[in-house]
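# Structural features, examined
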Amino acid sequence: MTSFAVQFRTFPRERPIVSLAGCILIVELVGASGSLFTVQGLSTWYSTLQRPTIAPPNWVFGPVWTTLFALMGGALWLVWRRFESSPREVAVAFGVFVVHFVFNLGWSATFFGLREIGLGIVVIAVLWLLIVATMWAFDRVDRRAALLLVPYLLWVSFAAFLNYRFWVLN
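Attention in this report is confined to the structure presented alongside it. (Residues numbered from 1 in each chain as written. Predicted model: local features only at pLDDT ≥ 70, side-chain atom pairs only at ≥ 80, totals over all residues. Heavy atoms only, no water.)

## Side note on the nonpolar core
The criterion, for reference: Working definition of a nonpolar core: buried Ala, Val, Leu, Ile, Met, Phe, Trp, Tyr and Cys residues. They are joined through side-chain atoms within 4.5 Å. Residue exposure (1.4 Å probe, protein chains only): buried if accessible area is under 20% of the type maximum, exposed if over 50%, otherwise partly exposed. The way it works is that DSSP assigns letters per residue, a run of H or I at least four long becomes a helix, a run of E at least two long becomes a strand, and they are numbered from the N terminus. Here, residues are in contact when the closest pair of their heavy atoms is within 4.5 Å.
Membership of the largest hydrophobic core comes to 42 residues, with the highest contact counts inside it found for Met-72, Val-79, Phe-111, Phe-138 and Tyr-152. When residues of this core are traced back to their parent elements, those giving at least two are helix H2 (16–33), helix H4 (61–80), helix H5 (87–113), helix H6 (117–139), helix H7 (143–148) and helix H8 (150–169). Looking at which element gives the most residues to this core, the answer is H4, with nine residues. In contact with Phe-138, other than residues within four places in its own chain, are Ala-75, Leu-76, Val-79, Ala-93, Phe-97, Arg-143, Ala-145, Ala-146 and Leu-149.

## Describing the environment of Thr-38
If you trace the backbone, Thr-38 turns up in helix H3 (residues 35–44). The exposure class of Thr-38 is buried, given its relative accessible area of 19%. Along the backbone, Thr-38 and Val-122 are 84 residues apart, and their C-alpha atoms lie at a distance of 18 Å. Beyond its immediate chain neighbours, meaning those up to four positions away, Thr-38 contacts Ser-108 and Phe-112.

## Focus: the packing of aromatic side chains
Keep this limit in mind: Side-chain rings of Phe, Tyr and Trp (the six-membered ring for Trp) are treated as a pair once their centres are within 6.5 Å; stacked means planes under 30 degrees apart, edge-to-face means over 60, and tilted covers the remaining angles.
Under the definition given, this model contains 17 aromatic pairs. A centroid spacing of 5.4 Å and a plane angle of 65 degrees characterise the contact between Trp-45 and Phe-111, whose relative ring orientation is edge-to-face. Residue Trp-45 is located in the loop between H3 and H4, and its partner Phe-111 is located in helix H5; the two are separated by 66 residues in the primary sequence. Between the aromatic rings of Trp-107 and Phe-112, the centroid separation amounts to 5.8 Å while the plane-to-plane angle is 90 degrees, which identifies the pairing as edge-to-face. We classify Phe-112 as buried; its relative accessible area is 8%. An aromatic cluster of at least three residues, connected via ring pairs, comprises Trp-45, Tyr-46, Trp-107, Phe-111, Phe-112 and Phe-166.

## Let's talk about the packing of H6 against H8
Selection rule: Only the stretch in contact is used when fitting a helix axis, every axis being a line fitted to C-alpha atoms; angles between N-to-C directions are given from 0 to 180 degrees. Under this scheme an angle from 65 to 115 degrees is roughly perpendicular, one under 35 degrees roughly parallel, and one over 145 degrees roughly antiparallel; angles in between are oblique. It is the rotation of the near helix from the far one that decides the hand of a crossing: anticlockwise by less than a right angle makes it left-handed, clockwise makes it right-handed. Ten residues, namely Ala, Val, Leu, Ile, Met, Phe, Trp, Tyr, Cys and Pro, are considered nonpolar, four, namely Asp, Glu, Lys and Arg, are considered charged, and the remaining ones, Gly among them, are considered polar.
Interhelical geometry of H6 versus H8 gives an angle of 165 degrees and a closest axis separation of 9 Å. Between H6 and H8, the angle falls in the class roughly antiparallel. As for the relative orientation of H6 and H8, their crossing is left-handed in sense. Contacts between H6 and H8 involve Ile-117, Gly-118, Gly-120, Ile-121, Ile-124, Leu-127, Trp-128, Ile-131, Val-132 and Met-135 on the former and, on the latter, Val-150, Tyr-152, Leu-153, Val-156, Ser-157, Ala-159, Ala-160, Asn-163, Tyr-164, Phe-166 and Trp-167. Considered class by class, the residues forming the contact of H6 with H8 number 17 nonpolar, four polar and no charged.

## Structural notes on the environment of Ile-26
Looking at where Ile-26 falls in the secondary structure, it is placed in helix H2. Separated by 47 residues in sequence, Ile-26 and Gly-73 have C-alpha atoms that sit 7.5 Å apart.

## Regarding H4
Here is the rule we go by: A helix is expected to span 1.5 Å multiplied by its residue count minus one.
Its 20 residues give H4 an end-to-end C-alpha distance of 28 Å, which sits within 8% of 28 Å, the value for a rise of 1.5 Å per residue. The set of residues buried in H4 consists of Leu-68, Phe-69, Met-72, Gly-73, Gly-74, Ala-75, Leu-76, Trp-77, Leu-78, Val-79 and Trp-80.

## Section: the side chain of Asp-142
Note that Asp-142 resides in the loop between H6 and H7. Its relative accessible area of 5% is what places Asp-142 among the buried residues. For Asp-142, the residues in contact, after removing those within four places along its chain, are Leu-78 and Arg-82.

As C-alpha cells, this is what we get:
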C-alpha cells in the first residue's frame, strides 16, 4: 500500500480538526461553484418569474446553503474517519456522495443556467433520491453522518415543491 493511501486512511484520526475543517471547506467550495449559475440567473431571469407565495426572500438561500454544506462536510468527515475499519462501505458512501453532489450542482445549472424549470423538477427529483441513497450509505458507516443530512433532505424537499410551484406559475 502506498504511503498516500495509508495517510488518507489515517489522516482523519491523526488530525481530526484539520481533516474536519478540510472536509467542510472542500464541500463549501464545491457547493459554492453552483452559485455561478445561480448568480447569473438571479440577476437576469429569476426576477422576471412569478414567485410562489411561500418562496423565501433571496437572501435566505446563502446562509441556508452554507449551513447545509457545512453539515454535509461534517457528515463526510464522520464517514472518512471509519475508512480503516470499513473501507468498502466508506468507498461506496464516498462514491454515492460524489454522484449526489453532481446532481446538486446540476440542479443549479439546469434551473438557473439553462432556465429550464420543468427539467429542474426532474433533476431535483433524482437529487432527492440520491440524497436518500447517500443517507443510506452513510448510515451503514456512521448513523450520525446520515442524521446530519436530514436538514438537507428537508430543504431539498421544500426546494422541489418550490420548483414545482415555479413551473406551475410560469
